[in-house]
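Geometric and topological summary
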Amino acid sequence: MTYAEYERAAAALRKRPGATEEFVAKCLSLMVPEFKESDLVGTSFSNRNAMARDICQRFLNVFLDGRLTLGEVNHYHESFPFKLVEEAERRQPRFP
């Protein structure tokens, strides 16, 4: 994926009604199996679905407002960039 394609995808998601819910639903189907019940220990989440929904929504938020860049995602080698999402949340949004 090129940077231009990444930016176009973010712009399209921002404009399309219902797109965020659709993305979160797809993300959930991928994320929930990744978590074990032991991952919930020490968190405020009651179950794996709640934890996955929170993470998917946070990822989508930083993607849509421009705080998470394609370059950052491409340079991260783990399956899901949790650390990048946390770092991106500390930045100012590029798009309102």
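Values in this document were obtained by computation on a predicted structure and should not be read as measured data.

This next bit is on the packing of aromatic side chains. Applying the stated criterion to the full structure yields two aromatic pairs. With centroids separated by 4.9 Å and ring planes inclined at 75 degrees, the aromatic side chains of Tyr 6 and Phe 63 adopt a geometry described as edge-to-face. With Tyr 6 in helix α1 (residues 3–15) and Phe 63 in helix α3 (residues 48–64), this pair connects stretches of sequence that are 57 residues apart. Exposure remark for Tyr 6: the relative accessible area of 6% places this residue in the buried category.

Residues Leu 13, Met 31, Phe 35, Ala 52, Leu 60, Phe 63 and Leu 68 are the most contacted members of the largest nonpolar core, which totals 25 residues. Those elements that provide at least two residues to this core are α1, α2 (19–31), α3 and α5 (82–89). Considering every element that reaches this core, the biggest residue donor is α3, with nine residues. Contact partners of Phe 35, with chain neighbours within four places excluded, come to Arg 48, Met 51, Ala 52, Ile 55 and Phe 82.

Within the secondary structure layout, Glu 87 lies in helix α5. Separated by 77 residues in sequence, Glu 87 and Ala 10 have C-alpha atoms that sit 19 Å apart.

Calculation rules
Residues numbered from 1 in each chain as written. Predicted model: local features only at pLDDT ≥ 70, side-chain atom pairs only at ≥ 80, totals over all residues. Heavy atoms only, no water. Phe/Tyr/Trp six-rings, centres within 6.5 Å; stacked < 30°, edge-to-face > 60°. Helix = DSSP H or I, 4+ residues; strand = E, 2+ residues; numbered from the N terminus. Buried < 20%, exposed > 50% of the residue type's maximum accessible area, 1.4 Å probe, protein only. Core = buried A, V, L, I, M, F, W, Y, C linked by side-chain atoms within 4.5 Å. Contact = heavy atoms within 4.5 Å.

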